Amino acid sequence: MARTLNVAVIGCGVIAPAHIESYQLLPGVRVRWACDLLASKARALADRYGIPGVCTDFRDVLRDPAVDAVSVCTDHASHAPISAAALRAGKHVLCEKALAANAAGLRQMFRAHAARPGLVFSGVLQHRFDPAMRYLKRLVEQGAFGAILTAGTHLRCLRTADYYAADTWRGTWAREGGAVLINQAIHFIDLLVWIMGGVAMLSGAHTNLTHKGVIETEDTAVASLQFRNGALGVIDATCSSNIAWEHTLAIHGSDGAVEWRNGCALKVAFASRARTTAVTKALAACVERQTISAAKAHYGAGHPAQIADFVQAIRAHRAPFVPAAAARHTVEVVLAIYAAHHRRRWLRLPARGQAADRNDE
Ligand SMILES: NC(=O)c1ccc[n+]([C@@H]2O[C@H](COP(=O)([O-])OP(=O)(O)OC[C@H]3O[C@@H](n4cnc5c(N)ncnc54)[C@H](O)[C@@H]3O)[C@@H](O)[C@H]2O)c1
């Protein structure tokens, strides 16, 4: 039998229970530490989930030779220093989205990983585990849409002044790195970018329409994209809507179109009637099943799947399904939208495998 894998969860806020419950579903995995700057938060999760170790300094976790892996569940700006330190200490790392708050953070993390390439380093983007999204990606790869013309994602949601007041890191450039784009829309930007095979260049604009005096970052943003495959794309996102949560992913090609909204197919229309029927049936069969109680509905059911994959990757010495390098491209897209707004021009994204220096402002 495989030896017990010991993990630590760093950051004991809203998302931490989804990590802990997901680890605790897995045989041979023990959550050994709950760590938070606020001892009361770490203690509360330790008591709730029977975790033996509690600490306020993540370096205590990294000094524990029994710890194999850490989940980084803190604010965006602290992802890079904590993940880099964990990799340097020889721990496998699963870091929440957004992988980093800026390009300097990305560089810090990947320098640390380059020195320890045998460690599994993954970024949480749990919606990639949604069966419908995997199916749509396969359809794109099989050429089912013909020449893809446009693809886009739209997020309409509401984040109130109370939401931003509750945690000081949110809505700040220094600690969140933005707002609606880098926090809420990033999930759907990631799906779009992943399914379409990456972004070559983009332009973008953002503004603060209803959160003036509440946050310094954007509550509304748009972007025009050109994907690496030549198709064009759009992103629009706002957290000022009267609609609580609505996300749409649309792919439109010369031979067919799919529009997906809040977990359901809104439109499936292919040139071939047989394909329309087959895709409609396949998408209807793609149901995500919640296996933990901690996740809010809009987190989807991906945390248990991604954490199981992370653990299997560690045990099998293989790459994870969402390598940090893939999560990096999505952050680069978001950072490039901010940079394109400031520079008032189209920006080229780093090609696969290149560093993201150019959009570092
Ligand atoms: N994947 C998802 O669906 C999803 C959903 C929600 C949040 N998130 C992500 O999870 C991360 C955390 O979000 P949250 O909503 O749980 O935030 P939160 O503010 O509720 O919790 C963050 C916790 O980290 C702690 N912390 C900060 N710096 C620390 C440090 N150096 N050492 C130890 N603890 C530290 C804070 O005290 C706080 O308790 C963010 O990156 C966020 O974007 C992801």
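Because the structure is predicted, anything quoted here is derived from the model rather than measured. (Residues numbered from 1 in each chain as written. Predicted model: local features only at pLDDT ≥ 70, side-chain atom pairs only at ≥ 80, totals over all residues. Heavy atoms only, no water.)

K.L.:
Can you help me understand the layout of surface pockets in this one?
P.N.:
Gaps left between atoms are located by rolling a probe of water-molecule size over the structure's atoms. Approximately 960 Å³ is the volume found for the largest pocket. Lining the largest pocket are 39 residues; nearest its centre among them are Cys73, Thr74, Asp75, Trp169 and Arg170. Counting only elements with at least two residues in the lining of the largest pocket, the list comes to helix H3 (58-63), helix H4 (76-88) and helix H8 (180-196). When residues are assigned to domains, the lining of the largest pocket turns out to be shared by domain 1 (5-126) and domain 2 (128-297 + 322-348), each giving three or more. (1 Å grid on protein atoms, 1.4 Å probe; cavity = no way out; pocket = protein on both sides within 12 Å on 5 of 7 lines; lining within 4 Å. Points joined across faces, edges and corners; volume = space filled by probe spheres on them. Helix = DSSP H or I, 4+ residues; strand = E, 2+ residues; numbered from the N terminus. Domains from an automatic or database assignment.)

K.L.:
Where do I start with the packing of helix H6 (residues 131-141) against H8 in this structure?
P.N.:
Packed helix pairs are specified by the crossing angle of their axes together with the interaxial distance, meaning the distance between the axes. Contact geometry of H6 with H8 gives a least axis separation of 8 Å together with a crossing angle of 35°. When the axes of H6 and H8 are compared, the crossing they make is right-handed. Contact residues: H6 offers Met133, Arg134, Leu136, Lys137 and Val140, while H8 offers Leu191, Trp194 and Ile195. Taken together, the residues that form the contact of H6 with H8 break down as six nonpolar, no polar and two charged. (Axes fitted to C-alpha atoms, helices over the stretch in contact; angles between N-to-C directions. Left-handed = near helix turned anticlockwise from the far one by under 90°. Contact = heavy atoms within 4.5 Å. Nonpolar A, V, L, I, M, F, W, Y, C, P; charged D, E, K, R; others polar.)

K.L.:
Before we go on, may I ask you to explain the sheet that holds strand S10 (residues 232-238) in this structure?
P.N.:
Here we have eight strands laid out as an open sheet, ordered S13-S12-S11-S7-S10-S9-S8-S14, and mixed in their pairing. The open sheet has two free edges, formed respectively by strand S13 (264-270) and strand S14 (347-348), since each of these has just one partner strand. Bridge count for strand S7 (residues 148-158) against S10 is seven bridges, and the pairing is parallel. What sits directly across from Gly152, in S10, is Val234. Against the sheet, helix H11 (residues 324-343) touches strand S8 (199-207), strand S9 (220-227), S10 and S14, its axis set at about 55° to S8. (Pairing = 2+ DSSP bridges.)

K.L.:
Mind showing me how you'd approach the sheet that holds strand S4 (residues 69-72) here?
P.N.:
Two modes of strand pairing occur in sheets, parallel and antiparallel, and in both the strands are linked by backbone hydrogen bonds. As summarised here, the arrangement of the six strands in space is S3-S2-S1-S4-S5-S6, forming an open sheet in which the pairing is parallel. Across the chains shown, the open sheet's two edge strands, defined by having one partner strand only, are strand S3 (53-55) and strand S6 (121-123). Going across the sheet, the axis of each strand differs from the next one's by a mean of 20°, ignoring polarity. Looking at chain direction, strand S5 (residues 92-95) and S6 are connected through three bridges and run parallel. Each residue of the ladder has a partner; that of Val93, found in S6, is Phe121.

Everything listed here is a matter of geometry and, on its own, says nothing about what the molecule does.
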